[in-house]
Amino acid sequence: PSAATTPGRARMPEEIEIQGVYEPRFEPVARLMRKQIKQYGGGAAAAAFIDGRPVVDIWAGPARKDGTPWQQDTMSICYSGTKGIAATAIHMLATDGLIDYEAPVADYWPEFACNGKERITVRQLLSHQAGLHKIAHLVDKITDILDWDLIVSRLEKTEPDFHPGTANAYQAVTFGWLVGELIHRISGLTVPGFIEQRIVAPLGLDGLYIGDADTQMRRLPDFVGLPELQRNGAGPLSMDYRVPFWVRSARLRDLWRRGLTPKNAKQLYSHPAFWKACLPAMNGVATARSLAKMYAVLSMGGELDGVRLVSEDIIRKASEVQTKRADKVAIYPLHWKLGYHRTDAFLLDVPEAFGHFGLGGAGGWANPELKLSFAFLHSGFPVTIVGQTRTVMMTAAVYESLGIYKGLCHTLRHGPVVDLVPKRA
């Protein structure tokens with residue numbers, strides 16, 4: 001049974017009650033999830049598969065500010081973990097023989113071929129080596145990010161920030177439009193349509209969306225530190241971006257005039273229009289079990305229960321490290337792969353694993369060597385340095401459950417320790 005709450009007020013029980021099921025050996029995962037919920041607030045869900053079968057499927061904590069508990073079907077935002085889903089779609093198209101990593105992006109998207117982007121390859125785009133990471137110049141007002149065609153047309157005209165292939169810079173927001181437009185051009189489907197038809201339906205997933213999630217807002221939690229979601233009766237988005245008299249900096253006044261402020265970002269985040277929009281870099285939503293099952297397919301050589309998403313050869317190519325250079329945007333050396341990055345446990349190097357984490361430590365990964373996958377999603381406050389490590393710590397708990405991770409001290413003494421020194425070339 002769920003922990004009791006007082007109506008109208010969210011109260012954290014003394015002991016977080018874990019709902020769902022998990023094998024007893026995975027008690028470290030449940031224990032750490034309880035601890036994180038107490039520390040960060042909100043609710044959370046975790047799921048793991050071994051050999052394509054679920055071994056962890058748990059959830060706990062409140063989903064709403066009124067204390068409504070997290071339910072089995074509650075979905076949460078993946079933040080940048082969304083990129084791993086979009087990347088998987090690209091690798092599915094590569095498996096179909098419809099896209100070549102070495103080909104110029106312009107072969108599939110002719111309007112892309114201008115202003116120094118003519119020779120940018122699909123590989124460079126997926127590994128954040130295209131120089132197209134900047135976002136501010138693409139938006140006249142914050143709501144522009146909801147207009148797919150508008151942003152795509154502006155990306156077509158933009159110039160790379162550096163010569164493609166000579167550096168890497170995390171395309172934190174632009175990745176979604178760049179990769180998503182490739183998916184659209186090649187498959188003829190929108191990103192939401194592709195995800196539904198090619199991933200969700202064949203695998204029988206209970207919740208995974210990139211766009212069109214406004215129809216599922218009853219399943220989304222409220223997020224700690226952000227306004228309550230406008231699930232009913234939402235009015236039009238405010239366009240009142242008047243600049244306060246006390247803002248003197250020309251740069252800040254420009255950002256304010258375009259609505260690029262934390263206040264307006266929070267309002268946008270709470271509005272159904274944000275969840276309806278397709279933002280394949282940042283607004284995917286899922287249940288932990290659905291995200292973990294998608295990665296379970298990749299951990300099993302690309303096929304599970306007769307459903308093949310990706311070929312084994314493509315998985316090998318997708319999971320190869322492309323660059324260990326210092327990134328111009330990301331602080332942590334992410335060792336970019338093709339749309340994925342390293343997914344280590346806390347300071348424990350796990351080079352065979354790949355996936356994508358997001359803001360506040362949400363995300364998922366696959367480990368083909370162990371035929372293992374994992375996903376962790378939550379509604380706690382995301383913007384803290386320590387909070388960014390949540391999935392890394394949960395990953396350590398998964399490996400601890402399997403007897404692989406034996407603590408920080410043991411890792412530092414015996415390794416393998418992650419390579420934290422980025423290479424310059």
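Only a predicted model underlies this, so the values are computations on that prediction, with no experimental measurement involved.

*Asks:* Describe in detail the overall build of the protein chain, supporting the description with residues and values.
*Replies:* Looking only at helices and strands, one finds 13 helices and eleven strands in the protein chain. For a compact globule of 425 residues, the expected C-alpha radius of gyration is about 22 Å, and the protein chain comes in at 21 Å, within 12% of that figure. Of all 425 residues assigned to the protein chain, the portion counted as buried reaches 56%. Contacts in the protein chain between residues at least 24 apart in sequence constitute 69% of all its contacts with a sequence separation of at least 6. Of the charged side chains in the protein chain, 48 are positive and 43 negative, and the gap between their average positions amounts to 6 Å.

*Asks:* Lay out the sheet that holds strand β11 (residues 372-378) with the relevant residues and their values.
*Replies:* The sheet built from six strands is open, its strands ordered β1-β3-β2-β11-β10-β9 with antiparallel pairing. At either end of the open sheet lies a strand with only one pairing partner, and these are β1 (19-22) and β9 (354-358). Here the strands of the sheet are splayed against their neighbours by 10 degrees on average, with no regard to which way each runs. Direction of pairing for strand β10 (residues 362-367) relative to β11: antiparallel, over a ladder of five bridges. By the bridge assignment for β11, Ala-366 is matched with Ser-373. Along the sheet face, helix α12 (residues 390-401) touches β2 (44-50), β9, β10 and β11 and points at about 140 degrees away from the line of β11.

*Asks:* Any details on unusual backbone geometry? Residues and values, ideally.
*Replies:* Of note, the amide linkage connecting Gly-415 to Pro-416 takes the cis form, showing an omega dihedral of -5 degrees. Position of Pro-416 relative to the elements: it lies in the segment after α13 (408-414). Phi angles above zero are rare outside glycine, and Asp-305 is one such case at about 50 degrees. Relative to the assigned elements, Asp-305 resides in the loop between β7 (303-304) and β8 (307-308). One non-glycine residue, Lys-371, lies in positive phi territory at about 50 degrees. The residue Lys-371 is located in the loop between β10 and β11 in this model. For Lys-371, a relative accessible area of 39% translates into the label partly exposed.

*Asks:* Explain the packing of aromatic side chains to me, and be specific about the residues and the numbers.
*Replies:* Evaluation of the coordinates by the stated rule reveals eleven aromatic pairs. Ring plane angle 25 degrees and centroid distance 5.2 Å describe the contact between Tyr-170 and Trp-336, whose orientation is recorded as stacked. With Tyr-170 in the loop between α4 (148-157) and α5 (174-187) and Trp-336 in the loop between α11 (312-318) and β9, this residue pair connects regions lying 166 residues apart in the sequence. Of the residues examined, Tyr-170 reaches a relative accessible area of 12% and is grouped as buried. A residue is classified by how much of its surface remains accessible, and Trp-336, at 1% relative accessible area, is buried. Judged by centre distance (5.4 Å) and plane angle (70 degrees), the ring pair of Tyr-269 and Trp-275 falls under edge-to-face. Judged by relative accessible area, Trp-275 falls into the buried class, the value being 0%.

*Asks:* Pulling in residues and values, what's your account of the packing of α4 against α5?
*Replies:* When two helices pack together, their arrangement is given by the angle between the helix axes and by the axis-to-axis distance. In the contact formed by α4 and α5, the axes pass within 10 Å of each other and the chain directions differ by 100 degrees. Considering the angle they form, α4 stands roughly perpendicular to α5. Contacts between α4 and α5 involve Trp-148, Ile-151, Val-152, Leu-155 and Glu-156 from the first element and Thr-174, Gly-176, Trp-177, Leu-178, Gly-180, Glu-181 and Arg-185 from the second. Counted by class, the contact of α4 with α5 contains six nonpolar, three polar and three charged residues.

*Asks:* If you had to explain the packing of helix α2 (residues 82-95) against helix α10 (residues 288-299) to someone new, which residues and values would you point to?
*Replies:* In contact at an axis separation of 11 Å, α2 and α10 are set at 40 degrees when each is read in the N-to-C sense. What the angle tells us is that α2 and α10 run oblique. Our pair here, α2 against α10, has a crossing hand that is left-handed. Here α2 contributes Gly-84, Ile-85 and Thr-88 to the contact with α10, which in turn contributes Leu-291, Met-294, Tyr-295 and Leu-298. Of the residues in the contact of α2 with α10, the class split is five nonpolar, two polar and no charged.

Quick notes on the rules
- Residues numbered from 1 in each chain as written.
- Predicted model: local features only at pLDDT ≥ 70, side-chain atom pairs only at ≥ 80, totals over all residues.
- Heavy atoms only, no water.
- Helix = DSSP H or I, 4+ residues; strand = E, 2+ residues; numbered from the N terminus.
- Rg over C-alpha atoms; globule rule 2.2 N^0.38 Å.
- Buried < 20%, exposed > 50% of the residue type's maximum accessible area, 1.4 Å probe, protein only.
- Contact = heavy atoms within 4.5 Å.
- Lys, Arg positive; Asp, Glu negative; His and termini not counted.
- Charge placed at Lys NZ, Arg CZ, Asp CG, Glu CD.
- Pairing = 2+ DSSP bridges.
- Axes fitted to C-alpha atoms, helices over the stretch in contact; angles between N-to-C directions.
- Phe/Tyr/Trp six-rings, centres within 6.5 Å; stacked < 30°, edge-to-face > 60°.
- Parallel < 35°, antiparallel > 145°, perpendicular 65-115°, else oblique.
- Nonpolar A, V, L, I, M, F, W, Y, C, P; charged D, E, K, R; others polar.
- Left-handed = near helix turned anticlockwise from the far one by under 90°.

Function cannot be inferred from these measures alone, as they are strictly geometric.
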